[in-house]
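Below, each chain spelled out in residue letters.
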Amino acid sequence: LQVLENEHRVALSEEVSTAAQSTSNPKAPPPGDMRITSYAWDQTPKFVKLYVSFNGVDKFPEGSVQCNFETMEMNLSVKCAGGKTKYLHIRPLYDEIDPAASACHVKQCVP
């Protein structure tokens, strides 16, 4: 798990560096948006679950959390108060996924 986490962090760092160098990159975030750097995941041979925490996510307007899955990458964007967007883009993934079988769920954390 530690190896996967390091691979994802390296891939994420490389993606952010590349995006910052190219304003024509369609996946480059707009200025002022923020990268999500704190997350966790759980994996089994069949599933990988990614966990990202936001205070008050249950009060976010409908559609504030968007996920996009492709065979070897995933993108998460969260529109926060003040018009800022936080994002997580992981590419490449460790292995191919089935985008049609992938899902994004927003749940309130129970204290």
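What comes next is a walk through the structure.

What counts, and where the lines are drawn
Residues numbered from 1 in each chain as written. Predicted model: local features only at pLDDT ≥ 70, side-chain atom pairs only at ≥ 80, totals over all residues. Heavy atoms only, no water. Helix = DSSP H or I, 4+ residues; strand = E, 2+ residues; numbered from the N terminus. Contact = heavy atoms within 4.5 Å. 1 Å grid on protein atoms, 1.4 Å probe; cavity = no way out; pocket = protein on both sides within 12 Å on 5 of 7 lines; lining within 4 Å. Points joined across faces, edges and corners; volume = space filled by probe spheres on them. Nonpolar A, V, L, I, M, F, W, Y, C, P; charged D, E, K, R; others polar. Buried < 20%, exposed > 50% of the residue type's maximum accessible area, 1.4 Å probe, protein only. Polar contact = N/O pair within 3.5 Å; in protein donor to acceptor, adjacent residues only side chain to side chain. Pairing = 2+ DSSP bridges. Core = buried A, V, L, I, M, F, W, Y, C linked by side-chain atoms within 4.5 Å. Disulfide = S-S within 2.5 Å.

### Quick look at the environment of T85
Take T85: it is sitting in strand β6 (residues 85-90). Once residues lying within four places of it in the same chain are set aside, the contact partners of T85 are D33, M34, S77, V78 and K79.

### Looking at the layout of surface pockets
Here the largest pocket is characterised by a volume of approximately 1,500 Å³. Surrounding the largest pocket, 37 residues form its lining, V48, K49, L50, F69 and A103 being those nearest its centre. When contributions to the lining of the largest pocket are tallied by element, the ones reaching two or more residues are α1 (2-21), β2 (40-43), β3 (48-51), β4 (65-70) and β5 (73-79). Here the lining of the largest pocket takes four residues from β3, the largest share from any one element. Grouping the amino acids of the lining of the largest pocket by side-chain chemistry returns 25 nonpolar, six polar and six charged.

### So, the side chain of H89
Assignment of secondary structure puts H89 in strand β6. Classification of H89 as buried rests on a relative accessible area of 4%. A distance of 3.3 Å separates polar atoms of two side chains, one belonging to H89 and the other to N75.

### Here's the deal with the sheet that holds β5
In space, the four strands of this open sheet follow the order β1-β6-β5-β4, with mixed pairing throughout. Where the open sheet ends on each side, the last strands, each with one partner, are β1 (34-35) and β4. Where β1 meets β6, two bridges bridge the pair, whose relative direction is parallel. Considered in β6, the bridge of M34 is made with K86.

### Details of the nonpolar core
With 12 residues, the main nonpolar core is built from I36, Y39, W41, F54, V57, M74, L76, V78, C80, L88, I90 and L93. Elements with a contribution of two residues or more to this core: β5 and β6.

### Let's talk about the state of the cysteines
Two cysteines, two sulfur atoms, one covalent bond between them: this is a disulfide. Here the structure, examined in full by the defined rule, presents one disulfide. Covalent S-S linkage joins C67 and C104, the inter-sulfur distance amounting to 2.5 Å. Taken together, the residues span a long stretch of sequence, with C67 in strand β4 and C104 in the segment after β6 at a distance of 37 residues. Among the residues examined, C104 registers a relative accessible area of 34% and is labelled partly exposed.

### Some thoughts on the pairing of β4
In regular strands, side chains alternate between the two faces of the sheet. With six bridges connecting them, β4 and β5 associate as antiparallel partners. Looking across to β5, one finds that V65 is bridged to V78. From the end of β4 to the start of β5, which pair antiparallel, there are two residues.

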